[in-house]
Amino acid sequence: MVFEPPERLVRALGETAPDGDDWLEKLPVAAQQAVALRELTVERVQVPGGRSSLVVLVRAADGTPAVLKLAPGRARPEAERAALAHWAGRGAVHLLEPFSTEGVLLLERLHPDVSVRSLPEAKALLEAAGTLRRLWVEPPADFPFETVAERTGRQAEAMRARARADPAVAPLVDLALAAREELLAAPPEHRLLHGTFRQSKVLAGERMPWLAVGPDPVVGECAFDLARLVRDRVEDLIAQPSGAATTRRRVKRLAESLDVDQGRLRGWTLFRAVESGVRAGRVGRPRDAELLLEFAGWL
């Protein structure tokens, strides 16, 4: 089988690829080697798939359905492996092969085309929030993960550079950076977080109704993790005449349902929306940048 990477993956990785990166060129051969080594039967490549990895639906030698995932080093697949091993299937997909080839993960098969995003909005938020709560556990000793301070510190540098190049975004960037500084001064807890949680990252399963996939794990406070969920379906929010009011109600409802401080959730939602908007503008996605920065302005 020829492992042709989906266009979505090619486009997304192309936006962030460093000079000289050849991971996509080597991917077909790497995928064939990973399949042969594990004696897997390939069903199909998942399309459109994700933005940072190739996902292949396979069956093990004993017929067990599984997922083979290959990701470049900059997507931090080894951190994902460590987080999934620590969660051990509690709220997240099972890691079937804890120690394996670098950048290759063999995972429990969920229903890849059925996420909580397929549910009505209120129900989707409820199910997603319940899944997220199960992931917030004490990190392992000597954890191999970035902290929220470290990750957002890198992001803050890129935001400042963009603000210098595009003064129109500077006021929102300043607000977001000020919020970050205040939030990092006294974080209320230290938990293992999913890192990139949203409705599309929660898939239907067999052993549990919903399970999280695709973490980019980080250690820090829970409000940072929840902040990404606040802006889910941002296109729908922007299209509503009452979008700003709906967003404020969502912040309040999610904070209360997961025992997170509302002000801290609002602050991290602001930072993460501005960071994503600035990054979208930098890589040539002006429509996404416009939506995200308009959303951030409501906060």
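Shown above is the structure to which this text applies.
If you're wondering where the values come from, they're calculated on a predicted model, not measured in any experiment.

Participant: Could you clarify how one ought to interpret the pattern of salt bridges in this entry?
Facilitator: Pairs can form between side chains of opposite charge once their charged atoms are near each other. In total, this model carries 26 salt bridges according to the counting rule given. The closest approach of N and O atoms between Asp 232 and Arg 117, which form a salt bridge, is 3.6 Å. Of this pair, Asp 232 sits in the loop between helix H7 (222-230) and helix H8 (234-239) while Arg 117 is found in the loop between strand S5 (111-115) and helix H4 (121-135), placing the two residues 115 residues apart along the sequence. Residues Glu 121 and Arg 250 are paired through a salt bridge, measuring 2.1 Å at the closest nitrogen-oxygen approach. You can see Glu 121 sitting in helix H4 and its partner Arg 250 sitting in helix H9 (residues 243-257), a full 129 residues away along the chain. With a relative accessible area of 27%, Glu 121 lands in the partly exposed category. Given a relative accessible area of 1%, Arg 250 falls into the buried group. Through salt bridges with shared partners, a single network forms among Arg 76, Glu 146, Arg 151, Arg 154 and Asp 216.

Participant: Just checking my understanding: could you explain the environment of Arg 253 for this structure?
Facilitator: Note on placement: Arg 253 falls in helix H9. By relative accessible area, Arg 253 is classed as partly exposed at 43%. Sequence spacing of Arg 253 and Leu 57 is 196 residues, and the spatial spacing of their C-alpha atoms is 37 Å.

Participant: I would appreciate a short explanation of the packing of H4 against H9 in the present structure.
Facilitator: Packed helix pairs are specified by the crossing angle of their axes together with the interaxial distance, meaning the distance between the axes. H9 packs onto H4 with a crossing angle of 40° between their chain directions and a minimal axis gap of 11 Å. Crossing angle aside, the handedness with which H4 passes H9 is right-handed. Along its contact with H4, which presents Glu 121, Leu 125, Ala 129 and Arg 133, the element H9 presents Arg 250, Arg 253, Leu 254 and Ser 257. Residues belonging to the contact of H4 with H9 are distributed by class as follows: 3 nonpolar, 1 polar and 4 charged.

Participant: In this structure, what is going on with the sheet that holds strand S8 (residues 202-204)? I would like to understand it.
Facilitator: Backbone hydrogen bonds hold the strands of a sheet together, and the pairing may be parallel or antiparallel. If you walk across this open sheet you meet the 3 strands as S5-S8-S9, and the pairing is antiparallel. Edge positions in the open sheet fall to S5 and strand S9 (210-212), since each of these has one partner strand only. When the angles between neighbouring strand axes are averaged without regard to direction, this sheet yields 55°. Pairing between S8 and S9: 3 bridges, direction antiparallel. Directly across from Leu 203, in S9, lies its bridge partner Leu 211. This element, H4, spans S8 and S9 of the sheet and lies at about 55° to S9.

Participant: For this particular structure, what's the right way to read helix H1 (residues 7-16)?
Facilitator: Three or more residues of H1 are buried, namely Leu 9, Ala 12 and Leu 13. Across the axial projection of H1, the buried residues extend over an arc of 95°, all falling on one side. Exposed and facing more than 90 degrees away from the buried side of H1 are Glu 7 and Gly 14. On the buried face of H1, the contacting elements are helix H2 (23-38) and strand S2 (54-59).

Participant: I tried to follow H9 on my own but got confused; where do I start?
Facilitator: When the terminal C-alpha atoms of H9 are compared, their 21 Å separation across 15 residues agrees well with the 21 Å that a helix rising 1.5 Å per residue should span. Along H9, the positions that sit buried rather than exposed are Gly 243, Ala 244, Thr 246, Thr 247, Arg 250, Val 251, Leu 254 and Ala 255. Looking straight down H9, one finds that the buried residues subtend no more than 160° of arc, so they occupy a single side. Buried residues along H9 sit in contact with H4, H7, H8, helix H10 (262-282) and helix H11 (286-297). Of the residues flanking the end of H9, it is Asp 259, one or two places downstream, whose phi is positive at about 55°.

Rules used in this analysis
Residues numbered from 1 in each chain as written. Predicted model: local features only at pLDDT ≥ 70, side-chain atom pairs only at ≥ 80, totals over all residues. Heavy atoms only, no water. Salt bridge = Lys/Arg side-chain N within 4 Å of Asp/Glu carboxyl O. Helix = DSSP H or I, 4+ residues; strand = E, 2+ residues; numbered from the N terminus. Buried < 20%, exposed > 50% of the residue type's maximum accessible area, 1.4 Å probe, protein only. Axes fitted to C-alpha atoms, helices over the stretch in contact; angles between N-to-C directions. Left-handed = near helix turned anticlockwise from the far one by under 90°. Contact = heavy atoms within 4.5 Å. Nonpolar A, V, L, I, M, F, W, Y, C, P; charged D, E, K, R; others polar. Pairing = 2+ DSSP bridges. Arc of directions from axis to C-beta. Expected span 1.5 Å × (residues − 1).

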